There are 2 protein chains.
Amino acid sequence: MVEDRDPEVPGLIASLRHRAGRATVAGITGPPGSGKSTLCDQLIGHWRGRGERVGVLAVDPSSPFSGGAVLGDRVRMQRHAGDPGVFIRSMASRGHLGGLAASTREALRLLDAAGWDRCLLETVGVGQSELEVMRAADTTIVVLTPAAGDAVQLMKAGILEIADIFVVNKAEQPGASRVARELRELVHQTRWSSPWAPPVLQVVAVRGEGIDELVTAIDNHHDAVIASGELRSRRARRLRAEVEAIVVERAGERARRALTDGTLELDDEGELSAVDPYSLADRIS
Amino acid sequence: MVEDRDPEVPGLIASLRHRAGRATVAGITGPPGSGKSTLCDQLIGHWRGRGERVGVLAVDPSSPFSGGAVLGDRVRMQRHAGDPGVFIRSMASRGHLGGLAASTREALRLLDAAGWDRCLLETVGVGQSELEVMRAADTTIVVLTPAAGDAVQLMKAGILEIADIFVVNKAEQPGASRVARELRELVHQTRWSSPWAPPVLQVVAVRGEGIDELVTAIDNHHDAVIASGELRSRRARRLRAEVEAIVVERAGERARRALTDGTLELDDEGELSAVDPYSLADRIS
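Predicted model, so just to flag it, every value in this text is computed and none were measured.

Q: Which residues make up the overall build of chain A, and what values go with them?
A: Along chain A, the regular secondary structure elements total eleven helices and seven strands. By residue count, 48% of the 285 residues in chain A fall in the buried class.

Written out as structure tokens, the structure reads:
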């Protein structure tokens, strides 16, 4: 329903809102091929072992060309597919772009209200839209590999600002320690607005090595952001983004309606290039 | 000014609108590494030889991680950098996503009004946001290589629907004829809403082979869409998108203002998860 922008969603969310607020959302982002899905698979296994119910959203905002990757993700998490305590859903951009971050936030709200303890939010790429999606997470894990490890690229991507935990995956490969060291230096040089400085963990996800440490780091981060009040301010920021997205979506609908139902007729015979889009917009907004 | 969302842009566009409408916009899209910039470089050379002034926008909506690619593009077109008849500008997503397609449309308007005969719009990737950017083109060229050539992927990406001309670049490589044949079959099987069926050209951009044919195909397409009235309907669609983007941008500004200036106070002490974002949105839009 959320993905189809079903008109009943607002009512549903309003009626479920008193049930929400218990789930924690861990986000996993990183370049393609960094092993995010394998990492998700390991985390799911760990949390299931503790008896927690896990909801996973694999979000692909960037490219319809990578459709295969999303499918691959789900295949990699397949061993959990029959487990009623695990819910896995791939979400891809359907037509309008800005909508995906909003749909993700709504889907997380519903998972939360439905009693899922842990939500895992995985993005397929590391672009601007992935950053936007990741803002819905309480704890953001940035995954890199020895191959991908260029700290300068990271800074460019604005990834550093959103990282709460760094994972150097495929840590058995040459160069892993160098990447981890570079990251630690980067973390050390950065002034953080919160008392939490992101740890840098070396992990071999396919073998399950370093997963315990990652789980502990996620819990520690969660405790730290509750204590510092940052969890609350993050969630307030998220709520603001949600409100903004709803206002924007409604305005877009209003504009599309006005432009197609005749309220705002484009003179199809006149000179289009002489039309000022701003004065047309004035008549809608 | 357009990229910075300068408040003077609307007035500027309104005052220049009577000068606009003469430039033609060719768009070039395709996967990374397909040689789009080399192709642009060749087209620029060709058009400059005819005495036309060429404005180039290289747009990268997808990933800050590919920042290097944009730079690379500009380097590849460097030989035209000193030519006053060529304007080259890289545009990347600054923060808000939806804004880039709108900025691109406005930048094209200004290039047009400033008397540039040819506009070239290049996108770096082939995702959903690139598709959105590409809708600003009068003629869309989709570039593939023997390596990238999977027709099924294309259809998934919605690329087929926007292609006016297919270029199989690096046609000296093995597999080029097969990809070209697959594309021709795909074109043949598709019902086109217009009388124009996209030609499939084999090109070796680095050697300039096939560029004359491409230039001719662009001209032919332009003549065909004028004759069929499709150019007009495309431009009307583009104007509608532009109006919609302005309405949406303004709504977003309104929402952000209300959420920060106290018009719409989030009760920072209350239970955030119990707040219904839809009723907050009601109070803004």
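Q: Can you break down the pairing of strand β5 (residues 139-144) of chain B residue by residue, with the values?
A: Residues and elements named next belong to chain B. Within β5, six of the six residues are buried, which leaves it mostly tucked inside the rest of the structure. Taking every second residue as pointing to the same face, both faces of β5 are buried, with Thr139, Ile141 and Val143 on one and Thr140, Val142 and Leu144 on the other. Summarising the sheet, strand β1 (residues 24-29) and β5 pair through four bridges and their orientation is parallel. From the neighbouring strand, Gly27 faces β5, where its bridge partner is Thr140. Here four bridges tie β5 to strand β6 (residues 165-168), and the two strands are oriented parallel to one another.

Q: Explain the packing of helix α10 (residues 230-260) of chain A against helix α10 (residues 230-260) of chain B residue by residue, including any values.
A: Closest axis-to-axis distance for the α10 of chain A/α10 of chain B pair is 8 Å, and the angle between their directions is 150°. Considered as vectors, α10 of chain A and α10 of chain B are oriented roughly antiparallel to each other. Between α10 of chain A and α10 of chain B lies a crossing of right-handed hand. Contact residues: α10 of chain A offers Arg240, Val243, Glu244, Val247, Val248, Ala251, Gly252, Arg254, Ala255, Arg256 and Leu259 of chain A, while α10 of chain B offers Arg240, Val243, Glu244, Val247, Val248, Ala251, Gly252, Arg254, Ala255, Arg256 and Leu259 of chain B.

Q: How would you sum up the sheet that holds β6 of chain B? Please name residues and give values.
A: Residue and element names in this part refer to chain B. The strand order β3-β2-β4-β1-β5-β6-β7 describes an open sheet built from seven strands, whose pairing is parallel. Two strands close off the open sheet at either side, each with one partner strand: β3 (86-92) and β7 (200-202). Sheet twist, expressed as the mean angle between neighbouring strand axes with direction ignored, is 20°. The strands that helix α2 (residues 36-49) touches are β1, β2 (54-60), β3, β4 (118-123), β5 and β6; relative to β4, the one it contacts most, it runs at about 175°. Along the sheet, helix α9 (residues 211-228) contacts β1, β5, β6 and β7; its crossing angle with β6, the most-contacted strand, is approximately 170°.

Q: Tell me about the sheet that holds strand β1 (residues 24-29) of chain A, residues and numbers included.
A: All names here are of chain A. Strands sit in the order β3-β2-β4-β1-β5-β6-β7 across an open sheet of seven strands; the sheet is parallel. A strand with exactly one partner marks an edge of an open sheet, and here the two such strands are β3 (86-92) and β7 (200-202). On average, each strand axis in the sheet is tilted by 20° relative to the strand beside it, whichever way the strands run. In this sheet, strand β4 (residues 118-123) lies alongside strand β2 (residues 54-60) in parallel orientation, the contact comprising six bridges.

Q: Tell me about the domain arrangement of chain A, and please be specific about residues and values.
A: Residue and element names in this part refer to chain A. Along its sequence, chain A is organised into domain 1 (9-228) and domain 2 (230-265 + 276-285). Taken together, the twelve residues of domain 1 in the interface contact nine residues of domain 2. Contributions of two or more residues to the side of domain 1 that touches domain 2 are made by α4 (99-113) and α9 (211-228). Counting residues per element, the side of domain 1 that touches domain 2 draws most heavily on α4, which supplies four residues. Among the residues making up the side of domain 1 that touches domain 2, the classes are represented as five nonpolar, four polar and three charged.

Q: Any details on α2 of chain B? Residues and values, ideally.
A: Residues and elements named next belong to chain B. Look at α2: 20 Å from first C-alpha to last across 14 residues, which is about the 20 Å you get at 1.5 Å a residue. Of all 14 residues in α2, ten are buried; the element is thus mostly enclosed. Those residues of α2 that fall on the buried side of the exposure criterion are Lys36, Ser37, Thr38, Leu39, Cys40, Asp41, Gln42, Leu43, Ile44 and Trp47. Remark: Gly51 follows α2 within two positions and exhibits a positive phi of approximately 90°.

Q: Residues and numbers for the nonpolar core, please.
A: Judged by nonpolar contacts, the single largest core of 140 residues is most densely connected at Phe166, Val167 and Val168 of chain A together with Phe166, Val167 and Val168 of chain B. Here this core spans two domains, and each of domain 1 (9-228) and domain 2 (230-265 + 276-285) of chain A adds at least three residues to it. When sequence neighbours within four positions are dropped, the list of residues in contact with Val167 of chain A reads Leu39, Ile141, Val143, Leu201, Val203 and Leu214 of chain A.

Q: Provide a residue-level description of the pairing of β4 of chain A, including the pertinent values.
A: Note on strand geometry: in a regular strand, side chains alternate between the two faces of the sheet. All names here are of chain A. The buried fraction of β4 amounts to six of the six residues, a majority that puts the element mostly inside the structure. Because side chains alternate across β4, one face comprises the buried residues Arg118, Leu120 and Glu122, and the other comprises Cys119, Leu121 and Thr123, equally buried. Relative to β4, β1 is paired through five bridges, and the arrangement is parallel. For Gly27, the partnering residue across the bridge sits in β4 and is Leu121.

Q: Provide a residue-level description of the environment of Trp47 of chain B, including the pertinent values.
A: Here Trp47 of chain B lies in helix α2. Once the C-alpha coordinates of Trp47 of chain B and Arg118 of chain B are considered, the two residues, 71 residues apart in sequence, prove to be 8.0 Å apart.

Q: Describe unusual backbone geometry, listing the residues and the values that go with them.
A: Residues and elements named next belong to chain A. Residue Lys170 is not a glycine yet carries a positive backbone phi of 55°. Structurally, the position occupied by Lys170 is in the loop between β6 (165-168) and α8 (176-189). When the 23 C-beta atoms within 10 Å are taken as the criterion, Lys170 is described as buried.

Q: Tell me what's going on with the confidence of the model for chain A, and back it up with residues and numbers.
A: Residue and element names in this part refer to chain A. Averaged over all residues, the pLDDT of chain A equals 82, while 82% of them reach at least 70. In the model, residues 63-73 has pLDDT below 50 throughout and makes 29 contacts with residues more than four positions away in sequence or in other chains. If you check the scores for this complex, the pTM reads 0.70 and the ipTM reads 0.72.

Q: Break down the environment of Ala274 of chain A for me, citing the residues and quoting the values.
A: Relative to the helices and strands, Ala274 of chain A is located in the loop between α10 and α11 (277-282). Overall, the presence of 12 C-beta atoms within 10 Å leaves Ala274 of chain A in the exposed class. A C-alpha to C-alpha distance of 39 Å links Ala274 of chain A and Asp60 of chain A, two positions 214 residues apart in sequence. In this view, Ala274 of chain A contacts Arg17 and His18 of chain B; residues no more than four positions away in its chain are not counted.

Q: Describe the environment of Ala114 of chain B, and please don't skip the residues or the numbers.
A: Inspection of the secondary structure puts Ala114 of chain B in the loop between α4 (99-113) and β4. Put simply, Ala114 of chain B and Ala20 of chain B are 94 residues apart on the chain and 7.9 Å apart in space, counted from C-alpha to C-alpha.

Cut-offs and rules
Residues numbered from 1 in each chain as written. Chains lettered and ligands numbered in written order. Predicted model: local features only at pLDDT ≥ 70, side-chain atom pairs only at ≥ 80, totals over all residues. Helix = DSSP H or I, 4+ residues; strand = E, 2+ residues; numbered from the N terminus. Buried ≥ 20, exposed ≤ 12 C-beta atoms within 10 Å, placed from the backbone. Pairing = 2+ DSSP bridges. Axes fitted to C-alpha atoms, helices over the stretch in contact; angles between N-to-C directions. Parallel < 35°, antiparallel > 145°, perpendicular 65-115°, else oblique. Left-handed = near helix turned anticlockwise from the far one by under 90°. Contact = placed C-beta atoms within 7 Å. Domains from an automatic or database assignment. Nonpolar A, V, L, I, M, F, W, Y, C, P; charged D, E, K, R; others polar. Expected span 1.5 Å × (residues − 1). Core = buried A, V, L, I, M, F, W, Y, C linked by C-beta atoms within 7 Å. pLDDT = per-residue confidence, 0-100.

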